[in-house]
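Each chain, letter by letter, is given below.
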Amino acid sequence: MADGKCAGYRGTASDITEEVKAQTQVEHLSMHDALTGLPNRNNLHSFLAGKLGANRPLAMISLDLDRFKPVNDTLGHAAGDLVLQEMSLRLLNCTRNEDLVARLGGDEFIMVLDGISSQESIEALCVRLIDQIKQPIVYEGQNIFVGGSIGIALAPQDATEANELLRCADIALYQAKEDGRATWRFYASEMNQRLLQRRQLEMDLRQAMAMGEMALQYQPRYRTNGMHIIGAEALVRWQHPLKGLLGPAHFIDLAEETGLIVPLGRWVLNEACNEAARWPEHICVSVNLSVVQFRQSDLRLDVQRALTEAGLAASRLELEVAESILLDESAGALATLNALKELGVRLTMDHFGTGYSSLNYLRSYPFDGLKIDRSFIGNALSSANDRLIIKAIVGLAEALELTVTAEGVETGEQLEWLEEADCAVVQGFHICQPQFAQEMERLVQEMG
């Protein structure tokens, strides 16, 4: 003061506790996943920058959940969120404090194992991870089951830069999925070449669909009593300009992975219905459906449009449904199949006898027929058990008033035995090879 009696300061103060908390929360959210609390992509790159810059050996695990999408689709996003949160805890319980577990989005997780390069140690962890992931999760009184596929890349062997290491781990993950899922694969340089070949095949397939290189062949179906043609199964082919005629084994899996199966399946429906409209009215056409068509398209509308534009009676179209559709889409599949049934089309369960719950499906879903898997037909003459299974399926179909078809008949002896077993409908190379449209029309005319 002026008189010198005292000295000090005069001012104001503010409580910034909440501001500090808010800033801390913002900083946390910028580096962590909001749903699981795990580190996010930004946090992952920061962690990798420190470890890779110090030239430390590490292993990167790229992990995707198998069968996760059906959880969201059938049980809702609340169930999906619970699965992701539970999986986050399980992954953390499998790692050490010095490791990092991050979620990049969806069902994609990344684990970084610091200072580990031993293949044996990594494989032991993968065994534990897959075992933990497959354990059920309880949601509203019911068990949810998912699986996990794993790709592994090592630093510095495979890459020394974060993005390249992530790319290598993703390529290895893709290989694990290709090899059947619920497994793991280490990155190898040849995987990169296979991925490039796959991408080229995808571009070729897109171009083939645009250029009209796809075609249908028809596998005639015969009634054993009199061996008259009663229908034909539409089989898609690729008329490749360099490789010749390619069967579905060369491109269907890729079409399903990329979603191209939806426009391709729509084209098959339209083409098959248009062709069947030229046949006698007692002959039907059969078309296979993909699980992706159930998920990504308005299947009922596609079928209705194909029938209307072709002028084909709905009763002359048979749709073959694989059990994988029912496994992945159990709730949605029933609604879709009922909607298709309302149109008047026939529904057949394909590959019957090879799945997990086929008998339950016959009770729950509106099927008109069964198709005995070719594996049973191929072994019928050498395996008493397979013969008993075939007879049991024929008896079951008769009791449930379902038609039964045996596919893959390749010898006269097989055909003769199936006739004795009262199998009503057969198809296979021994009876007739698949035919293009003009050949099929001529065959139908010759058969009267």
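Anything mentioned here points back to the structure above.
As a starting point, this report considers the structure included with it. For clarity, every value in this text was computed on a predicted model and none was experimentally measured.

Things to note about the nonpolar core
With 79 residues, the main nonpolar core has V303, L317, L319, L326, L340 and V345 as its most contacted residues. Among the elements that make up this core, the one with the highest residue count is helix α9 (residues 261-276) (eight residues). Counting 33 residues, the second largest nonpolar core, distinct from the first, contains I61, V83, C94 and I133.

Topic: the pattern of salt bridges
With the rule as written, the count across this model stands at 24 salt bridges. Among the ionic pairs, D64 bridges to K177, the shortest N-O distance being 2.7 Å. Residue D64 is located in strand β1 (residues 58-66), and its partner K177 is located in helix α6 (residues 162-178); the two are separated by 113 residues in the primary sequence. On the accessibility criterion, D64 (11% relative accessible area) is buried. Assessed through its relative accessible area of 26%, K177 is described here as partly exposed.

Regarding the pairing of β1
Burial within β1 is extensive, with nine of its nine residues counted as buried. Where β1 and strand β6 (residues 147-155) come together, nine bridges link them in antiparallel fashion. The residue of β6 that forms the bridge with L58 is A155.

Looking at helix α2 (residues 41-53)
With 13 residues, α2 ought to run about 18 Å at 1.5 Å a step, and its terminal C-alpha atoms sit 18 Å apart, in line with that. Its side-chain oxygen at 3.2 Å from the backbone nitrogen of N42, N40 defines the N-terminal cap of α2. Directly after α2, the chain includes N55, whose backbone phi takes a positive value near 60°.

A word on the packing of aromatic side chains
Any pair of aromatic rings gets described here by the distance separating the centres and the angle formed by the planes. Enumeration according to the criterion identifies three aromatic pairs in this entry. Ring geometry for Y365 and F367: centres 6.3 Å apart, planes at 50°, overall tilted. A single burial state applies to Y365 and to F367, both of which are buried.

Parameters at a glance
- Residues take numbers from 1 onward in each chain, read along the sequence in its written order.
- Reporting of local features is limited, given that this is a predicted model, to residues whose pLDDT is at least 70; pairs of side-chain atoms are given and counted only at 80 or more, and all residues count toward the totals for whole chains, interfaces and linings.
- Side-chain descriptors were evaluated using all non-hydrogen atoms of the structure, hydrogens and water having been removed beforehand.
- As used in this record, nonpolar core signifies buried Ala, Val, Leu, Ile, Met, Phe, Trp, Tyr and Cys residues forming a set joined through side-chain atoms within 4.5 Å.
- Think of it in three bands: with a 1.4 Å probe and only protein chains considered, a residue is buried below 20% of the maximum accessible area for its type, exposed above 50%, and partly exposed in between.
- Only DSSP runs of H or I reaching four residues or more are called helices, and only runs of E reaching two or more are called strands; each is numbered from the N terminus.
- We count a salt bridge whenever a side-chain nitrogen from Lys or Arg sits within 4 Å of a carboxyl oxygen from Asp or Glu.
- Any two strands with at least two DSSP-identified bridges between them are counted as paired.
- Multiplying 1.5 Å by the helix residue count minus one yields the expected span of that helix.
- Any pair of N or O atoms that falls within 3.5 Å is considered a polar contact. Within protein, one atom must be able to donate a hydrogen and the other to accept it, and sequence-neighbouring residues count only if both atoms are side-chain atoms.
- To pair, rings of Phe, Tyr and Trp, with the six-membered ring standing in for Trp, must have centres within 6.5 Å; the planes then decide the type, stacked if under 30 degrees apart, edge-to-face if over 60, and tilted in the middle.

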